[in-house]
Amino acid sequence: MSRRTPSRFAGVLGWPLEHTLSPVIQNAAARATGLDLVYLAFPTPPDALADAVAGLRALGAAGANVTMPHKEAILPLLDGLHPDAAAIGAVNTVVSSTEGLIGHNTDVEGLERFLTEDTGLDAVGLEAVVVGSGGAARAVVRAAEKLGVARIGIAGRDEAKAAGVALLANVAEVVPWAETERRAGAADLVINATPVGMGGEDLLPGAVFRPGQTVLDLIYSPPSTLFVERARRAGADAWGGLGMLIHQAALSFRLWTGVDAPLEAMSAAAIHALGHPLLKGLDRGD
Ligand code: NAP
C-alpha cells in the first residue's frame, strides 16, 4: 500500500463568500495530484478576521487564500510578506512556513504567466492602459512593470485613487477618465480591472480596437464579456479572465504543497462550475 501525504487543509477567507470558485479549483488540483489536501470556504466577517488567522495557526493550515474585503486588512496579522504583496499592499495567499504565516500576492505572477505563456505576448516596450484603480489594478501595474511595459496609463473614475495606483511604478501615469476610450484605442495592451461587464454592460463602448492589440478582461464570469467580444470582432487578440484566475490559483497551490499544479484539471473544473446553474451568480474573480 502506498504511503499517503499527511492530511492537510487550506481554505479561503472572505465575506460574503457564497459563490467563490476557489474550492472547486483547488480540490480538483488536490485530486489530480493525489495529495491528501482539502480546501474549504471559510466565510469570515471583518470583525472575525484576527480570530480566523489565529485559527489557521492553531490548526496547522497549509495556508489560505484571502479575498474581499480582507486583502489589505490581513497584512498586520501576518509574520512576513513576499515582495509583490508588500509592493501593492495586498495579500491574496497566506502560506504557513517555518517563518510563520507569510503573505503573497499570486495575482501579480499569475498575470505575468498568463500574458507570457497563454497569450504569448512580449510586453517589453509596449504601451498599456488599465481601467480601474482597485486591488486588481494594483496587481496589473506591478506585473506590467515586471514584464517591461514602457508606459502604463491608469484610468479610474476616481482620479485621486488612480494617482495612488500610479505611484506603484515609475512607468505608470494617470489617464484622465474622459480620455479613457481614446487612450485605450491607441494602446498596445488594454486591461479591464473593474467589475463592469459582469452584468452584461459594455465597458468603454466608444473605444475603437484594432488588430495588433492585446485586450484582457479580468472578469471570468461570464467567461466572455461584451468588451472582449467587441475587441475580438475588431481583430484584437482578446481574452477573458479565466486564464489568469487559474494561474494565480496554481501558484497558490504550489506554494502550499511544493507540487506543480495541474493546470488542465483546474481549468476543466472551473469551466464545469461556471456552467453550473448553482454558480451562475458567481461574483468575484478570485
Ligand atoms: P475592487 O478593489 O473593488 O476595484 C474595482 C475597481 O473598479 C475600482 O477602481 C472601482 O472604482 C472600479 N469600478 C467599479 N464600478 C465601476 C464603474 N461602474 N465604472 C468605472 N469604474 C468602476 O475590485 P478588484 O479586486 O480590483 O477586482 C476588479 C475586477 O477584477 C473584478 O471583476 C474581479 O473579479 C476581477 N479579478 C479577476 C482576477 C482573475 O484572476 N481573473 C483576479 C483579481 C480580480 P471606485 O474605486 O471608484 O469604486
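These numbers come from a predicted model, not from an experiment.

To continue, consider the nonpolar core. Counting residues in each nonpolar core, the largest one holds 32 residues, and the members touching the most others are Leu111, Val130, Val141, Ile152, Ile154 and Ile191. Residue assignment for this core shows that the elements contributing at least two residues are α4 (106-118), β7 (127-131), α5 (135-146), β8 (151-155), α6 (159-166) and β10 (189-192). No other element matches α5, which puts six residues into this core. In terms of nonpolar packing, the next biggest core, distinct from the first, is built from 25 residues, Leu21, Leu37, Ala261 and Ala270 among them.

Another aspect to go through is the pattern of salt bridges. Inspection of the entire model under this criterion finds 13 salt bridges. For Glu173, the salt bridge is made with Arg151, and the minimal N-O distance between the two is 3.0 Å. One end of the pair, Glu173, is in strand β9 (residues 172-174); the other, Arg151, is in strand β8, and 22 residues separate them in sequence. By relative accessible area, which is 27% here, Glu173 ends up partly exposed.

Further remarks concern the packing of aromatic side chains. All told, the structure shown has four aromatic pairs when counted by the stated rule. With 6.3 Å between their ring centres and 85° between their planes, Phe9 and Phe42 make a pair best called edge-to-face. Taken together, the residues span a long stretch of sequence, with Phe9 in strand β1 (residues 8-14) and Phe42 in strand β2 (residues 37-43) at a distance of 33 residues. Judged by centre distance (5.5 Å) and plane angle (85°), the ring pair of Phe114 and Trp239 falls under edge-to-face. Of this pair, Phe114 sits in helix α4 while Trp239 is found in strand β12 (residues 237-239), placing the two residues 125 residues apart along the sequence. Classification of Phe114 as buried rests on a relative accessible area of 1%.

Following the sequence through the fold, His104 ends up in strand β6 (residues 100-104). Sequence separation of His104 and Val91 is 13 residues, and the distance between their C-alpha atoms is 5.4 Å. Once you skip the residues sitting within four places of it in the chain, His104 turns out to touch His82, Ala85, Ala90, Val91, Asn92, Thr93, Val95 and Leu255.

Take helix α9 (residues 242-257) next. Helix length check: α9, at 16 residues, gives a terminal C-alpha distance of 22 Å against a target of 22 Å (1.5 Å per residue), a fit within 8%. The buried fraction of α9 amounts to 13 of the 16 residues, a majority that puts the element mostly inside the structure. Phi for Gly258, located one or two positions after α9, is positive at around 75°.

Another aspect to go through is the sheet that holds β8. The strand order across the open sheet built from six strands is β9-β8-β7-β10-β11-β12, with neighbouring strands paired in parallel fashion. Lying at the two open borders of the sheet, with one neighbouring strand each, are β9 and β12. The average undirected angle you get between the axes of adjacent strands in this sheet is 15°.

Parameters at a glance
- Residues numbered from 1 in each chain as written.
- Predicted model: local features only at pLDDT ≥ 70, side-chain atom pairs only at ≥ 80, totals over all residues.
- Heavy atoms only, no water.
- Core = buried A, V, L, I, M, F, W, Y, C linked by side-chain atoms within 4.5 Å.
- Buried < 20%, exposed > 50% of the residue type's maximum accessible area, 1.4 Å probe, protein only.
- Helix = DSSP H or I, 4+ residues; strand = E, 2+ residues; numbered from the N terminus.
- Salt bridge = Lys/Arg side-chain N within 4 Å of Asp/Glu carboxyl O.
- Phe/Tyr/Trp six-rings, centres within 6.5 Å; stacked < 30°, edge-to-face > 60°.
- Contact = heavy atoms within 4.5 Å.
- Expected span 1.5 Å × (residues − 1).
- Pairing = 2+ DSSP bridges.
- Axes fitted to C-alpha atoms, helices over the stretch in contact; angles between N-to-C directions.

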